[in-house]
Amino acid sequence: MNFVDQYDIIVIGAGHAGSEAAYSSATMGMKTLLLTISLDSIGLMPCNPSIGGPAKSHLVFEIDALGGIMGRIADKTSIQKKTLNRSKGPAVYALRAQINRFLYSREMVAALEGLESLDIVQGEVKEVIYASESIQGVRLTNGLCYKGTSIIIATGTYLSSKVIIGDFVKESGPNELSNSRFLAASLHKLGIPTAPFKTGTPPRISKRSLNIDELELQPGDSERYTFSFEEIQGRLPQIDCYLAYTTERTKAIIEENIHRSPLYSGVIKGVGPRYCPSIEDKIVRFPDKSIHHLFIEPEGHDVDEIYLQGFSTSLPGEVQLDMVRSIKGLEDAKVMKLGYAIEYEVINATGLKLTLESKQVENLYFAGQINGTSGYEEAAAQGLMAGINAALKIQ
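Residues numbered from 1 in each chain as written. Predicted model: local features only at pLDDT ≥ 70, side-chain atom pairs only at ≥ 80, totals over all residues. Heavy atoms only, no water.

A. Broad picture of the state of the cysteines. Summed over the entire model, instances satisfying the criterion amount to zero disulfides. For Cys241, which is in no disulfide, the shortest distance to another cysteine sulfur is to Cys47 and amounts to 15 Å. (Disulfide = S-S within 2.5 Å.)

Structure below.
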């Protein structure tokens, strides 16, 4: 087989798991290849533009302590920081940072491109090459083959993924990016089955169309807390967030159209990795609750997009517009991006060793949402450990 280059470790996917895996591998002296479907998707935040929070912030601190980069980049690109759960004991305090998601991605690219041992290549992996009972490398859809001693698969929500809005279904990854179409079949040939999972995201609305006076101000903390033990010079200007509430009208719109929800019509087959409910799921599961609170969160300093935290939905587009405009302060809201569900393939993580190496295929590692987890922080932590363990095994 004609391999165009040879590496110690090949990382498939450049989201939060793949980026940390490649960074840790390369900084440990491994010749590393990071493969991504799009160079524009490195370190992408396709859902909530935030880092940290309950059950997550401690992972970011640990990633930093072990030499990872999520905490450092979060500190450099945060536009609001807040310590949550202050009304409770210190054991459950949680630092949460609202992030300029566009700047976060650029800083991640800069950090990775600064590593001499790391090459980054755009391309879709068609198959894992396996022969003589060992990993040989990967073949891309463009025909190029790369030899590797170990492979780390960190495909996030892109593996055989499809975006769903009402009865509209599109073979796609998040943010209209291409999905990974062939890799699942290659894993099946290796005896590693996959199963469908689903997650979702809320609509994005134009900040200019909000009636700010009708929303509750949610400022950040004045204290300068950091995720990283390394002092970061400079600080981005801090931005306010806001709190809004659904109404009885919101509830009525959802109830009238619940039969059109892919969650309840049978279009979506997969289950979620944890209970991270859509707004329609909240209405169905908690019928006695008349309102639900929502957080109005900016996605950066120089963009108009606002993230409607707590309003994840996959209802049809016209229903989403009615739902959004039924909320006080959002009566004239302009929806820039519709909310959607995304269904993708994951593996059964019980087939992994504690090192995240496959029990079936030696030197094949998995990290992030392909393992059935969710969240940027969990993905980054797994990517870091997969990169460290793969490097240690080779060393």
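B. Inspection of the packing of aromatic side chains at higher detail. Under the counting rule described, the total for this entry stands at two aromatic pairs. Seen from their ring centres, Tyr7 and Tyr146 are 6.4 Å apart, and the 50° between their planes marks the pair as tilted. One end of the pair, Tyr7, is in strand β1 (residues 5-12); the other, Tyr146, is in strand β9 (residues 145-153), and 139 residues separate them in sequence. Accessibility assignment for this pair places Tyr7 and Tyr146 in one class, buried. Aromatic side chains Phe61 and Phe227 sit 5.6 Å apart centroid to centroid with 55° between the ring planes, which places their arrangement in the tilted category. Taken as a pair, Phe61 in helix α2 (residues 57-65) and Phe227 in the loop between β14 (216-218) and β15 (241-245) lie far apart in primary sequence, 166 residues in all. The class for Phe227 is buried, based on a relative accessible area of 1%. (Phe/Tyr/Trp six-rings, centres within 6.5 Å; stacked < 30°, edge-to-face > 60°. Helix = DSSP H or I, 4+ residues; strand = E, 2+ residues; numbered from the N terminus. Buried < 20%, exposed > 50% of the residue type's maximum accessible area, 1.4 Å probe, protein only.)

C. Geometry of the sheet that holds strand β12 (residues 194-201). If you trace the four strands from one edge of the open sheet to the other, you get β11-β10-β19-β12, paired in antiparallel fashion. The sheet terminates laterally at β11 (168-171) and β12, the two strands that pair on one side only. Between one strand and the next, the sheet's axes are offset by a mean angle of 25°, whatever the strand orientation. Across three bridges, strand β10 (residues 162-165) lies against strand β19 (residues 340-347) in antiparallel orientation. Opposite Ile164, over in β19, you have Ala341 as the bridge partner. (Pairing = 2+ DSSP bridges. Axes fitted to C-alpha atoms, helices over the stretch in contact; angles between N-to-C directions.)

D. Here's a closer look at the pairing of strand β8 (residues 134-140). Here β8 lies mainly inside the structure; five of its seven residues are buried. For strand β7 (residues 125-131) and β8, the ladder comprises six bridges, and the chain directions are antiparallel. Along β8, the bridge assignment pairs Ile129 with Gly137. The turn linking β7 back onto β8 is made up of two residues, and Ser132 within it adopts a positive phi angle of 55°. Judged from the three bridges that link them, β8 and β9 form a sheet pairing that is antiparallel. Note that in β9 the partner of Val138 across the bridge is Tyr146. Two successive antiparallel strands, β8 and β9, enclose a turn made up of four residues, where Gly143 displays a positive phi of approximately 95°.

E. Region of the structure containing the nonpolar core. Judged by nonpolar contacts, the single largest core of 70 residues is most densely connected at Ile51 and Ile153. Not counting residues within four places of it along the chain, the set of residues in contact with Ile153 comprises Ile12, Val128, Leu183, Leu187, Leu364, Tyr365, Phe366, Ala367 and Ile370. In this structure, Tyr242, Ile279, Leu294 and Val324 belong to the second largest nonpolar core, which totals 21 residues. (Core = buried A, V, L, I, M, F, W, Y, C linked by side-chain atoms within 4.5 Å. Contact = heavy atoms within 4.5 Å.)

F. Layout of unusual backbone geometry. The backbone of Asn85 shows a phi angle near 65°, a positive value even though the residue is not glycine. Its location among the elements puts Asn85 in the loop between β4 (78-84) and β5 (94-99). Note on Asn85: relative accessible area 24%, which makes it partly exposed. Unusually for a residue other than glycine, Leu356 sits at a positive phi of about 75°. Topologically, Leu356 is positioned in the loop between β19 and β20 (364-366). The class of Leu356 is buried, set by a relative accessible area of 14%.

The values reported here are purely geometric and, on their own, carry no functional implication.
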